[in-house]
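Here are the chains, one letter per residue:
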There are 2 protein chains.
Amino acid sequence: MPRWEPNAVGRLHDAAIELFTEQGYDQTTVAQIAERAGLTERTFFNHFANKRDVLFGRTSELHKQVVAREVAACPAGTPPLQAVLHGLQAAGDEVLEELRIPASRRREIIDATPELREREEAKRAALTATIAAALRERGLDGDAALLTAGIGLLIQQTAEQRWVQPSEKRPLRELLAEALSSLRTVLGTAAG
Amino acid sequence: MPRWEPNAVGRLHDAAIELFTEQGYDQTTVAQIAERAGLTERTFFNHFANKRDVLFGRTSELHKQVVAREVAACPAGTPPLQAVLHGLQAAGDEVLEELRIPASRRREIIDATPELREREEAKRAALTATIAAALRERGLDGDAALLTAGIGLLIQQTAEQRWVQPSEKRPLRELLAEALSSLRTVLGTAAG
């Protein structure tokens, strides 16, 4: 048994996606995921607390960190929503773009499984809180920070919905900018 | 035993809020809720499937119906987001405003209980789908309908967060309009 397994997290993630798709989430065990990935259960539990985490653990922490880092790194005076878009785009490039092919299958598995939908919701709430905190650090007040973070999440969700479509080839970065632009159009056509 | 109990649904809802606050959601039984409301368990189950439903059954269906009805009733040519704001305001007036006092306690109970948060999330998803369907009926295309519905939900959440604060006395109708206006400001200050 090798003492170091290259890309164990990625292999476990991909094996889980395959098995959840083939035989369903509820029917899949951690032992099967480890076996499919050519790793031990022990290695699985070195990286994830349970089979639910394997769909989220790889990306959600990292995604949040990149968004927070990039929002903080924008020059003083950058409009808050612009900073949020920049953060989401950077995290798209660094964290999500390489997962593009499994992302649509991952989406189907989550939508079909209540306990995964709940985890997804918790992830969204955590990302909203992270963005709001990063904006408050930049001097935005609490209400505006929360609303701007909410817009950020709406942009992220809208863009991701397109991004996971097999026919959609543009990078997430571009779809995020497009979602913000559509949002402006929708708001602009509503007479005050 | 009376054959007709006036406002049974409201009494059960208020009794549940009291008991969930006093002794916690998990520790409260349907029998206790019925007893506190001065009704039988049988009456409880005539109205709700379980104790989780008692926090949602009273309002969520009705709220959705009023939003859909009012979005549909807007004159042709009303900008979509304006129609959504109108629908949310009408539903605020008709359904939510009278629940204002228990609303803040209800919020705390939901936030503290994962299975209620999940139900809340399902409720939000259903409201989003209802609004999007009402907009498509008005001729909006699928993507714009979804995005506009998403903005509607963001406005609803932002306004409700304020509305449940004990110090906030303005009606939900006004807070909804304010949330839309803040949203425009946030988007307007972000250089494209």
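Residues numbered from 1 in each chain as written. Chains lettered and ligands numbered in written order. Predicted model: local features only at pLDDT ≥ 70, side-chain atom pairs only at ≥ 80, totals over all residues. Heavy atoms only, no water.

- Labelled according to an unreviewed UniProt entry, chain A appears under the name HTH tetR-type domain-containing protein, originating from Streptomyces malaysiensis.

## Some details on the overall build of chain A
Piece 1. Scanning chain A for helices and strands turns up nine helices and zero strands.
Piece 2. Taken from N to C terminus, the helices and strands of chain A fall in the order α-α-α-α-α-α-α-α-α.
Piece 3. Oriented by its inertia axes, the alpha-carbon framework of chain A measures out at about 60 × 35 × 30 Å.
Piece 4. By sequence separation, contacts in chain A at least 24 residues apart represent 64% of the contacts at least 6 residues apart.
Piece 5. When the accessible surface of chain A is summed, it comes to about 9,300 Å², and 52% of that surface belongs to carbon and sulfur atoms.
Piece 6. In chain A, which carries 24 positive and 27 negative side-chain charges, the distance between the mean positions of the two groups comes to 1 Å. (Helix = DSSP H or I, 4+ residues; strand = E, 2+ residues; numbered from the N terminus. Contact = heavy atoms within 4.5 Å. Areas by Shrake-Rupley, 256 points an atom, 1.4 Å probe, with all protein chains shown as cover. Lys, Arg positive; Asp, Glu negative; His and termini not counted. Charge placed at Lys NZ, Arg CZ, Asp CG, Glu CD.)

## Describing helix α8 (residues 142-163) of chain A
Piece 1. Given a rise of 1.5 Å per residue, 22 residues ought to cover 32 Å, and the 31 Å separating the end C-alpha atoms of α8 of chain A matches this to within 8%.
Piece 2. Where α8 of chain A begins, the capping side chain belongs to D141 of chain A, and its oxygen is found 3.1 Å from the backbone nitrogen of D143 of chain A. (Expected span 1.5 Å × (residues − 1). Polar contact = N/O pair within 3.5 Å; in protein donor to acceptor, adjacent residues only side chain to side chain.)

## Some details on the interface of chain B and chain A
Piece 1. The partner chain A presents 28 residues to the 28 residues of chain B that form the contact.
Piece 2. Of the roughly 2,400 Å² buried where chain B meets chain A, counting both sides, 65% is carbon and sulfur surface.
Piece 3. Among the residues chain B hides against chain A, the three largest losses belong to L147, V186 and L187 of chain B. Together they make up 25% of the total.
Piece 4. For the pair chain B and chain A, the interface holds four salt bridges.
Piece 5. In this structure, the salt-bridge partner of E121 of chain A is R124 of chain B, at a minimum N-O distance of 4.0 Å.
Piece 6. Summed over the shared surface of chain B and chain A, the number is four residue pairs in polar contact (both at pLDDT 80 or more). (Buried area = accessible area lost by both parts, 1.4 Å probe. Salt bridge = Lys/Arg side-chain N within 4 Å of Asp/Glu carboxyl O.)

## Topic: the domain arrangement of chain A
Residues and elements named next belong to chain A.
Piece 1. One can read the domain layout of chain A as domain 1 (8-50) and domain 2 (59-188).
Piece 2. Here domain 1 and domain 2 have C-alpha centroids that lie 27 Å from each other.
Piece 3. Taken together, the contact pairs six residues of domain 1 with eight residues of domain 2.
Piece 4. The contact between domain 1 and domain 2 buries some 650 Å² in all, and 75% of this surface belongs to carbon and sulfur atoms.
Piece 5. Across the domain 1-domain 2 interface, the total number found is zero salt bridges.
Piece 6. Counting every contact that joins domain 1 to domain 2 gives one residue pair in polar contact (both at pLDDT 80 or more).
Piece 7. The residue inventory of the side of domain 1 that touches domain 2, partitioned by class, reads three nonpolar, two polar and one charged. (Domains from an automatic or database assignment. Nonpolar A, V, L, I, M, F, W, Y, C, P; charged D, E, K, R; others polar.)

## Brief notes about the relation of the copies chain B and chain A
Piece 1. You can overlay chain B on chain A at an RMSD of 0.0 Å; the transform is a turn of 180° with a shift of 0.0 Å along its axis. This pairing of chains is accounted for by a two-fold axis. No C-alpha of chain B approaches the rotation axis more nearly than that of E118 of chain B, which lies at 3.0 Å.
Piece 2. When the interface residues of chain B are mapped onto chain A, 100% of them again fall at the interface, so both copies present the same face. (Least-squares fit on C-alpha atoms with pLDDT ≥ 70 in both.)

## Observations regarding the side chain of R106 of chain B
Residues and elements named next belong to chain B.
Piece 1. Residue position: R106 is located in helix α6 (residues 100-112).
Piece 2. E120 is the oppositely charged side chain nearest to the buried, salt-bridge-free R106, at an N-O distance of 4.2 Å.
Piece 3. Non-local contacts of R106, meaning those with residues more than four positions away in its chain, are made with H13, I17, L55, F56, E120 and K123. (Buried < 20%, exposed > 50% of the residue type's maximum accessible area, 1.4 Å probe, protein only.)

## Description of the environment of L19 of chain A
All names here are of chain A.
Piece 1. For L19, the position within the fold is in helix α1 (residues 8-23).
Piece 2. The exposure class of L19 is buried, given its relative accessible area of 4%.
Piece 3. Expressed as a C-alpha distance, the spacing of L19 and R36, which sit 17 residues apart in the sequence, is 8.3 Å.

## Thoughts on helix α9 (residues 172-188) of chain B
Piece 1. Taking 1.5 Å per residue as the helical rise, α9 of chain B with its 17 residues ought to reach 24 Å, and the 24 Å between its terminal C-alpha atoms agrees with that figure.
Piece 2. All of the buried residues in α9 of chain B are L172, L175, L176, A179, L180, L183, V186 and L187 of chain B. Buried positions in α9 of chain B, seen along its axis, are confined to an arc of 145° and lie on one side of it.
Piece 3. Residues of α9 of chain B that are buried make contact with α5 (80-96), α8 and α9 (172-188) of chain A together with α5 (80-96), α6 and α8 (142-163) of chain B. (Arc of directions from axis to C-beta.)

## As for the pattern of salt bridges
Piece 1. Counting across every chain of the model gives 38 salt bridges over all chains.
Piece 2. Notably, a salt bridge pairs E120 of chain A with R124 of chain A, separated by 4.0 Å at the nearest N-O pair. Here E120 of chain A and its partner R124 of chain A are both found in helix α7 (residues 114-137), four residues apart, which amounts to about one turn of the helix.
Piece 3. Here E22 of chain B makes a salt bridge to R36 of chain B, at a shortest N to O gap of 2.9 Å. Placement of E22 of chain B in helix α1 (residues 8-23) and of R36 of chain B in helix α2 (residues 30-37) is noted, with a sequence separation of 14 residues between them.
Piece 4. Judged by its relative accessible area of 38%, R36 of chain B is partly exposed.

## What to know about the packing of aromatic side chains
Piece 1. Following the criterion strictly, the structure yields six aromatic pairs over all chains and no others.
Piece 2. For the pair F20 of chain B and Y25 of chain B, a centre-to-centre distance of 4.9 Å together with 65° between the ring planes defines the contact as edge-to-face. Note on accessibility: F20 of chain B and Y25 of chain B belong to one class, buried.
Piece 3. Their ring planes at 55° and their centres at 5.5 Å tell us that F44 of chain B and F48 of chain B sit as a pair that is tilted.
Piece 4. In this structure F44 of chain B comes out as buried when scored by relative accessible area, which is 0%.
Piece 5. Among the aromatic side chains, those forming a connected cluster through ring pairs are F44, F45 and F48 of chain A.
Piece 6. The cationic tip of K51 of chain A hangs over the ring face of Y25 of chain A; the distance from NZ or CZ to the ring centre is 4.4 Å. (Phe/Tyr/Trp six-rings, centres within 6.5 Å; stacked < 30°, edge-to-face > 60°. Lys NZ or Arg CZ within 6 Å of the ring centre and 35° of its normal.)

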